Amino acid sequence: MSKKNSVFIATSLDGYIADKNGGIDWLNAIPNPENNDMGYVEFNNGIDALVMGRTTFETVLGFDIDWPYDKPVFVLSNKLKEIPESHKNKAFLVKGTLTKILDQIHKKGYNKLYMDGGATIRNFLKEDLIDEMVLTTIPVLLGGGSSLFSELPNELNFELIGTKTYLNQITQNHYKRKK
């Protein structure tokens, strides 16, 4: 079974995934009257499970919506002691090094993983554990906030395997890790 760690995330033109106050309202800067999912459903159909950090998990819990995931969610945290009762059997706490965590998840039969959350993505990139990235760019400059990327110990080369434009404004680039 082939294993794949994927990123599907939106950034501002200047590379931020949240504004200076941690907000993400700017994601709706471009009107989307038809609620175009911009490839998310197709992407989601190709994954087995999600891996996200505690901050992202708590952010999603704070949205006034039903739990948006139909796949198991593995939450990376050293601080969180347990998953809230409301989300048991939907979300699972995992701890340890990233390679040990991946081994645990793979042993449960989940091989195509969606990495979500800034710190999680940055940490997986630092260890060269990301195989593909789908980056959707919203044409807004935030001027600061939570950056998607940070310093890496080594250069990582990716190749562009596809580009799409949505709503005549939003570009989405699909990159695959070159090894």
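Predicted model, so just to flag it, every value in this text is computed and none were measured.

Visitor: So what exactly am I meant to see when it comes to the overall build of the protein chain here?
Guide: From N to C terminus, the protein chain includes four helices and 10 strands. When the helices and strands of the protein chain are placed in sequence order, the string is β-β-α-β-α-β-β-α-β-α-β-β-β-β. Over its C-alpha trace the protein chain gives a radius of gyration of 16 Å, about what one expects of a compact globule, namely 16 Å for 179 residues. For the C-alpha atoms alone, the extent of the protein chain along its principal axes is close to 40 × 40 × 30 Å. Across the 179 residues in the protein chain, those meeting the buried criterion constitute 42%. Within the protein chain, contacts between residues at least 6 apart in sequence are counted, and of these 65% link residues at least 24 apart.

Visitor: Help me out: how do you make sense of the side chain of Asn 111 in this one?
Guide: Here Asn 111 is to be found in the loop between helix H3 (98-107) and strand E6 (112-116). Judged by its relative accessible area of 7%, Asn 111 falls in the buried class. When near neighbours in sequence (up to four residues on either side) are disregarded, Asn 111 contacts Met 1, Ser 2, Lys 3, Lys 4, Asp 48 and His 106.

Visitor: What exactly am I supposed to notice about the packing of aromatic side chains here?
Guide: Any pair of aromatic rings gets described here by the distance separating the centres and the angle formed by the planes. In total, this model carries eight aromatic pairs according to the counting rule given. Pairing Phe 43 with Tyr 114 gives two aromatic rings, centres 5.0 Å apart and planes at 85°, and the pair type is edge-to-face. Within this pair, whereas Phe 43 is found in helix H1 (residues 40-45), its partner Tyr 114 is found in strand E6, the two being separated by 71 residues in sequence. When its relative accessible area of 11% is taken as the criterion, Phe 43 is described as buried. The exposure class of Tyr 114 is buried, given its relative accessible area of 5%. Over the face of the ring belonging to Phe 158 we find Arg 177, whose NZ or CZ atom lies 5.8 Å from the ring centre.

Visitor: Can you walk me through helix H4 (residues 118-126) in this structure?
Guide: Every α-helix winds through 3.6 residues per turn, so residues three or four apart in the chain are directed the same way. Three or more residues of H4 are buried, namely Gly 118, Thr 120, Ile 121, Arg 122, Phe 124 and Leu 125. Of the residues one or two after H4, Asp 128 is the one with positive phi, at around 55°.

Visitor: Just checking my understanding: could you explain the pairing of strand E9 (residues 158-166) for this structure?
Guide: For E9 and strand E10 (residues 170-177), the ladder comprises eight bridges, and the chain directions are antiparallel. Across the sheet, residue Phe 158 finds its bridge partner in E10, namely Arg 177. Between E9 and E10, which pair antiparallel one after the other, the connecting turn spans three residues, and Leu 167 there sits at a positive phi close to 55°.

Visitor: Got a minute to help me understand unusual backbone geometry in this structure?
Guide: For residues other than glycine, phi is negative in most cases, and the peptide bonds are mostly trans. Positive phi, close to 50°, is recorded for Met 38, a residue that is not glycine. Mapped onto the fold, Met 38 is located in the loop between strand E2 (16-18) and H1. Positive phi is not limited to glycine here, since Asn 168 has a value of about 55°. Within the element layout of this structure, Asn 168 appears in the loop between E9 and E10.

Visitor: I'm lost on empty space enclosed by the protein in this one. Help?
Guide: Picture a little ball the size of a water molecule; that probe, rolled over the atoms, points out where space is still empty. In total, this model carries one cavity of 30 Å³ or more according to the counting rule given. In this structure, the largest cavity spans a volume of roughly 30 Å³. Contributing to the lining of the largest cavity are Arg 122, Leu 125, Phe 149, Ser 150 and Leu 152. Looking at the lining of the largest cavity residue by residue, the classes come out as three nonpolar, one polar and one charged.

Visitor: Please clarify how a nonpolar patch on the surface should be interpreted in this entry.
Guide: Together, Ile 24, Phe 63 and Ile 65 make up a nonpolar patch on the protein surface, roughly 240 Å² of accessible area in all. Position of Phe 63 relative to the elements: it lies in the loop between helix H2 (54-62) and strand E4 (73-76).

About the thresholds
- Throughout, a residue's number is its position along its own chain's written sequence, starting from 1.
- Where totals are concerned, whole chains, interfaces and linings use all residues; where local detail is concerned, this predicted model gives features only for residues with pLDDT of at least 70, and gives and counts side-chain atom pairs only at 80 or more.
- Side-chain numbers come from the whole structure's heavy atoms, not from hydrogens or water.
- Helix numbering and strand numbering both begin at the N terminus, where a helix is a DSSP run of H or I of at least 4 residues and a strand a DSSP run of E of at least 2.
- As a reference, a globule follows 2.2 Å times the number of residues to the power 0.38, and the radius of gyration itself is taken over C-alpha atoms.
- Remark: exposure states derive from per-residue accessible area (1.4 Å probe, protein chains only) relative to the maximum for the residue type, with buried under 20%, exposed over 50%, and partly exposed in between.
- Whether two residues touch is decided by their heavy atoms; if any such pair falls within 4.5 Å, the residues are in contact.
- We call Phe, Tyr and Trp rings a pair once their centres come within 6.5 Å, taking the six-membered ring for Trp, and we label the pair stacked below 30 degrees between planes, edge-to-face above 60, and tilted otherwise.
- Only lysine NZ and arginine CZ atoms are considered, and such an atom sits over a ring when it is within 6 Å of the ring centre and within 35 degrees of the ring normal.
- Paired strands are those between which DSSP finds at least two bridges.
- For each structure, a 1 Å grid was placed over the protein atoms alone; sets of points admitting a 1.4 Å probe that cannot get out are labelled cavities, open sets with protein on both sides within 12 Å along at least five of seven lines are labelled pockets, and lining residues have an atom within 4 Å of a point.
- Grid points are joined across faces, edges and corners, and a volume is the space filled by probe spheres set on the points.
- For this scheme, ten residues count as nonpolar: Ala, Val, Leu, Ile, Met, Phe, Trp, Tyr, Cys and Pro. Four count as charged, namely Asp, Glu, Lys and Arg, and the remainder, Gly too, count as polar.
- Here the term patch refers to residues with relative accessible area over 30% and no salt bridge, with like charges joined within 9 Å and nonpolar side chains (Val, Leu, Ile, Met, Phe, Trp, Tyr) within 5 Å.
- Computed with a 1.4 Å probe, the accessible areas rest on the Shrake-Rupley method; for each residue, only the protein chains presented here act as cover.
- By convention in these notes, a salt bridge is any Lys or Arg side-chain nitrogen within 4 Å of a carboxyl oxygen on Asp or Glu.

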